[in-house]
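Secondary and tertiary structure notes
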Amino acid sequence: HLPLILPSAELLPRATKLANKAALADKTNRRSRSEKHKALNAKRLETLRKESAGRLKEYVRAFPKWERLHEFEQAVGAIALEAAAADAGGNPAGGVARYRDVLANVDRLRRAIGETCRVGIAAAAAPAASVKESDR
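The text that follows walks through the structure, step by step, so that each part is easy to find. None of the values given here were measured: they were computed from a predicted structure.

1. Re the overall build of the chain
Scanning the chain for helices and strands turns up five helices and zero strands. N-terminal to C-terminal, the α/β element order of the chain is α-α-α-α-α. Burial status across the chain gives 23% buried among its 136 residues. Counting only contacts in the chain whose residues sit at least 6 apart along the sequence, the fraction spanning at least 24 positions is 70%. In the form shown here, the chain has an accessible surface area of approximately 9,800 Å², with 57% of it arising from carbon and sulfur atoms.

2. Digging into the packing of helix α2 (residues 33-62) against helix α4 (residues 95-125)
Two elements in contact, α2 and α4, have axes separated by 9 Å at closest approach and are oriented at 170°. Classified by the angle between their axes, α2 and α4 sit roughly antiparallel to one another. Contacts from Lys-38, Ala-42, Leu-45, Glu-46, Arg-49, Ser-52, Ala-53, Leu-56, Lys-57 and Val-60 in α2 reach Leu-103, Val-106, Asp-107, Leu-109, Arg-110, Ile-113, Gly-114, Cys-117, Gly-120, Ile-121, Ala-123 and Ala-124 in α4. Counted by class, the contact of α2 with α4 contains 13 nonpolar, three polar and six charged residues.

3. Thoughts on the packing of helix α1 (residues 8-21) against α2
Where α1 contacts α2, the two axes come as close as 8 Å, and the packing angle between them is 150°. The angle between the axes of α1 and α2 places the two elements in the roughly antiparallel class. Helix-helix and strand crossings are classified by hand; for α1 and α2 the assignment is right-handed. On α2, the residues touching Leu-11, Arg-14, Ala-15, Thr-16, Leu-18, Ala-19 and Asn-20 of α1 are Arg-44, Thr-47, Leu-48, Glu-51, Ser-52, Arg-55 and Leu-56. Class assignment of the residues belonging to the contact of α1 with α2 gives a composition of six nonpolar, four polar and four charged.

4. Some points on the nonpolar core
In terms of nonpolar packing, the biggest core is built from six residues, these being Trp-66, Leu-69, Ala-78, Val-96, Tyr-99 and Leu-103. In terms of residue count, the dominant contributor to this core is α4 (three residues).

5. Quick look at the pattern of salt bridges
Taken as a whole and judged by the stated rule, the model has seven salt bridges. Arg-14 is the partner of Glu-51 in a salt bridge, and the nearest nitrogen-oxygen pair spans 3.7 Å. With Glu-51 in helix α2 and Arg-14 in helix α1, this residue pair connects regions lying 37 residues apart in the sequence. On the basis of relative accessibility, which here comes to 40%, the residue Arg-14 falls in the partly exposed class. One salt bridge connects Arg-111 with Asp-107, and the closest N-O pair in it is separated by 3.0 Å. With Arg-111 and Asp-107 both in helix α4 and four residues apart, this pair spans about one turn of that helix. Here the salt bridges share partners, and the residues they tie into one network are Arg-14, Glu-51 and Arg-55.

6. A short note on the packing of aromatic side chains
For any two aromatic rings, the description comes down to two numbers: the centre-to-centre distance and the angle of the planes. One pass over the structure, following the stated rule, counts two aromatic pairs. Between Phe-63 and Tyr-99, the aromatic rings sit 6.4 Å apart at their centres with planes inclined by 70°, giving edge-to-face as the arrangement. With Phe-63 in the loop between α2 and α3 (71-87) and Tyr-99 in helix α4, this pair connects stretches of sequence that are 36 residues apart. Within the aromatic cluster, the residues linked to one another by ring pairs are Phe-63, Trp-66 and Tyr-99.

Reading the values: the criteria
- Residues numbered from 1 in each chain as written.
- Predicted model: local features only at pLDDT ≥ 70, side-chain atom pairs only at ≥ 80, totals over all residues.
- Heavy atoms only, no water.
- Helix = DSSP H or I, 4+ residues; strand = E, 2+ residues; numbered from the N terminus.
- Buried < 20%, exposed > 50% of the residue type's maximum accessible area, 1.4 Å probe, protein only.
- Contact = heavy atoms within 4.5 Å.
- Areas by Shrake-Rupley, 256 points an atom, 1.4 Å probe, with all protein chains shown as cover.
- Axes fitted to C-alpha atoms, helices over the stretch in contact; angles between N-to-C directions.
- Parallel < 35°, antiparallel > 145°, perpendicular 65-115°, else oblique.
- Nonpolar A, V, L, I, M, F, W, Y, C, P; charged D, E, K, R; others polar.
- Left-handed = near helix turned anticlockwise from the far one by under 90°.
- Core = buried A, V, L, I, M, F, W, Y, C linked by side-chain atoms within 4.5 Å.
- Salt bridge = Lys/Arg side-chain N within 4 Å of Asp/Glu carboxyl O.
- Phe/Tyr/Trp six-rings, centres within 6.5 Å; stacked < 30°, edge-to-face > 60°.

As structure tokens, then:
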């Protein structure tokens, strides 16, 4: 049973929409305005990371590893992947390799999103001199 995969045209807008709705749980007024902006931006980045990288992680985990499939499933899968590759005008012999490559690329993308967001969150945690600087 494979998951429903959202196209990137839907995945990214959905993640940014949820990130923009993120709010701080801390309702106290003890923070300065610039600190609140930094914390809110960090929260938004964290929400964006969880939504986008988390969904990609679900996708990669939902697809079975080729080696763990039964021999019959591997044979049927190889035929289907080769037919799909031939229909797309690609190399029909590279169906199984392409399957592995696509899953590896999605996993690399997930890691890159996570790392980029972590760097942004670390930068947001640095003290801001002004509100303008905290919005960057």
